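# Fold and geometry: a report
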Amino acid sequence: RLCYFAIVAARKDAMVRGWAGDLHQVGAYSKFFKKKSGEDSWLKSLFVRKVDPRKDAHSNLLAKKETSNLYKIQFHSVKPECLDAYNKLCEDVLPKIHKDDGYPCELVGTWNTWYGEQDQAVHLWRYEGGYPALTEVMGKLRQNKEFMEYRKERGKMLLSRKNQLLLEFSFWNEPVPRPGPNIYELRSYQLRPGTMIEWGNYWARAIRYRQENSEAVGGFFSQIGQLYMVHHLWAYQDLQSREDTRNAAWQKDGWDECVYYTVPLIQHMDSRIMIPLKISPLQ
């Protein structure tokens, strides 16, 4: 019996020591994650931060009010042996649609991926007038024999294709034609559902840190297709200019805070370095 009570006492002592060790470990973690003050911790940004209740759609809260532009981004994975023929086909047909006043749309930019997913073409279109303009253009293109022949020939060259319909963030630059030569980076972020407003709040302040070299081209968020997708489009003279510009942002007060608080909102991110085709308004 004395042996039994000794064992129970030993177990209790071990439990107390275990709890004490756990509390010590929690204290160590708290100190590790503490940033500047107890009010600004990394853990708090993940679990405690409150977002104002949503009282309207993302499209109304984040998109430009002064325009009704709708954007479509297309991703075409091309058979490697067909890329030159594909580019030639696009150069023959797409500028005609861009220049035709009968179509309420314009080609914002068209590129081949240089680094990232290889043998891929990316096209960005703007529809002036939103969804009615998109519907009008699609209807007219179905009656355009040259375009339908283009689609038929294009289909023989593709491995896969996908698109998304986008709106532009109200605080981002309007994508307008620019001279080259430039390389372009398309950074795409898959956000956690429910975090788009929070993302917009931070980037509305952060975008001012990325304007000195005119690198900001456009910022968009998806409406149809893969949802909670954000696309940021940047222009640089070359890869070294990209490196220098991005490093310079870290020297500005506030940029680190944007990164610190937006990284936890991201589920997946991707970067493409792209070269514009000669028909692209963004050169």
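Please refer to the structure placed before this passage.
Residues numbered from 1 in each chain as written. Predicted model: local features only at pLDDT ≥ 70, side-chain atom pairs only at ≥ 80, totals over all residues. Heavy atoms only, no water.

## Focus: the overall build of the protein chain
If you tally the helices and strands in the protein chain, you get 9 helices and 8 strands. Here the protein chain holds 283 residues, and the buried ones make up 44% of them. Considering only intrachain contacts with a sequence separation of at least 6, the fraction spanning at least 24 residues in the protein chain is 83%. Element-wise, carbon and sulfur atoms account for 54% of the exposed surface of the protein chain, whose accessible area totals about 16100 Å². (Helix = DSSP H or I, 4+ residues; strand = E, 2+ residues; numbered from the N terminus. Buried < 20%, exposed > 50% of the residue type's maximum accessible area, 1.4 Å probe, protein only. Contact = heavy atoms within 4.5 Å. Areas by Shrake-Rupley, 256 points an atom, 1.4 Å probe, with all protein chains shown as cover.)

## Description of the environment of proline 177
Tracing the sequence through the fold places proline 177 in the loop between β4 (158-168) and β5 (183-191). Among the residues examined, proline 177 registers a relative accessible area of 61% and is labelled exposed.

## Structural notes on the nonpolar core
The biggest cluster of nonpolar side chains holds 54 residues, and the ones touching the most others in it are Tyr127, Phe169, Trp172, Trp199, Trp203, Phe221 and Val230. For this core, the leading source of residues is helix α4 (residues 83-99), giving 7 residues. The residues touching tryptophan 199, leaving out its near neighbours within four places in the chain, are Phe169, Tyr189, Leu191, Val230, His232, Thr262, Leu265 and Ile266. Counting residues in hydrophobic clusters, the runner-up holds 16 residues, among them Ile73, Phe75, Leu233 and Met274. (Core = buried A, V, L, I, M, F, W, Y, C linked by side-chain atoms within 4.5 Å.)

## Observations concerning unusual backbone geometry
Cis rather than trans, the peptide bond between glycine 180 and proline 181 has omega equal to 5°. The topology assignment puts proline 181 in the loop between β4 and β5. The phi dihedral of aspartate 119 falls on the positive side, at around 55°, and the residue is not glycine. As for its position among the elements, aspartate 119 is in the loop between β2 (105-115) and β3 (120-128).

## Observations concerning the packing of aromatic side chains
Applying the stated criterion to the full structure yields 14 aromatic pairs. Where phenylalanine 169 meets phenylalanine 221, the ring centres are 4.9 Å apart and the plane angle is 40°; that geometry is what we call tilted. Of this pair, phenylalanine 169 sits in the loop between β4 and β5 while phenylalanine 221 sits in strand β6 (residues 216-224); the two residues are 52 residues apart in sequence, bridging distant segments of the chain. With respect to burial, phenylalanine 169 and phenylalanine 221 carry one shared label: buried. (Phe/Tyr/Trp six-rings, centres within 6.5 Å; stacked < 30°, edge-to-face > 60°.)

## Overview of α4
Spanning 17 residues, α4 covers 24 Å between terminal C-alpha atoms, matching the ideal 24 Å at 1.5 Å per step. Maximum bend of α4: about 30°, positioned at glutamate 91, with proline proline 95 one to four residues after it. Those residues of α4 that sit buried are Leu83, Tyr86, Asn87, Leu89, Cys90, Glu91, Val93, Leu94, Pro95 and Ile97. Contact partners of the buried residues in α4: β1 (69-78), β2, β3, α5 (131-142), α6 (145-155) and β4. (Expected span 1.5 Å × (residues − 1). Bend = angle between axes of the 7 residues up to and from the residue.)

## Concerning the side chain of glutamine 74
Counting through the fold element by element, glutamine 74 comes out in strand β1. The buried category is assigned to glutamine 74, whose relative accessible area is 12%. Within the structure, glutamine 74 has its side chain in polar contact with the side chain of tryptophan 125 (distance 3.2 Å). Other than its neighbours up to four places away in sequence, glutamine 74 contacts Ala121, Val122, His123, Trp125, Lys162 and Asn163. (Polar contact = N/O pair within 3.5 Å; in protein donor to acceptor, adjacent residues only side chain to side chain.)

## Description of the pattern of salt bridges
For the structure shown, the criterion picks out 11 salt bridges. Aspartate 92 is the salt-bridge partner of lysine 88, the closest N and O atoms lying 2.9 Å from each other. Of the two residues, lysine 88 and aspartate 92 are both situated in helix α4; the distance of 4 residues between them amounts to about one turn of the helix. Here lysine 88 falls in the partly exposed class, since its relative accessible area comes to 47%. Ionic pairing is found between arginine 210 and glutamate 215, a salt bridge with its closest N-O pair at 3.2 Å. Arginine 210 gets classed as buried once you look at its relative accessible area, which sits at 2%. Each of Glu106, Arg126 and Glu174 takes part in one network of salt bridges that share partners. (Salt bridge = Lys/Arg side-chain N within 4 Å of Asp/Glu carboxyl O.)

## Examining helix α7 (residues 196-206)
Across the 11 residues that make up α7, a large majority, 8, are buried. For α7, every residue scored as buried is listed here: Met196, Ile197, Glu198, Trp199, Gly200, Tyr202, Trp203 and Ala206.

## Some remarks on the pairing of β2
Burial within β2 is extensive, with 8 of its 11 residues counted as buried. Hairpin geometry of β2 and β3 is characterised by an intervening segment of 4 residues between the two adjacent antiparallel strands and by a positive phi of about 120° at glycine 116. Here β2 runs beside strand β8 (residues 266-276); their pairing, made up of 4 bridges, is antiparallel. Each bridged residue has a counterpart across the sheet, and for tyrosine 115 the counterpart in β8 is isoleucine 273. (Pairing = 2+ DSSP bridges.)

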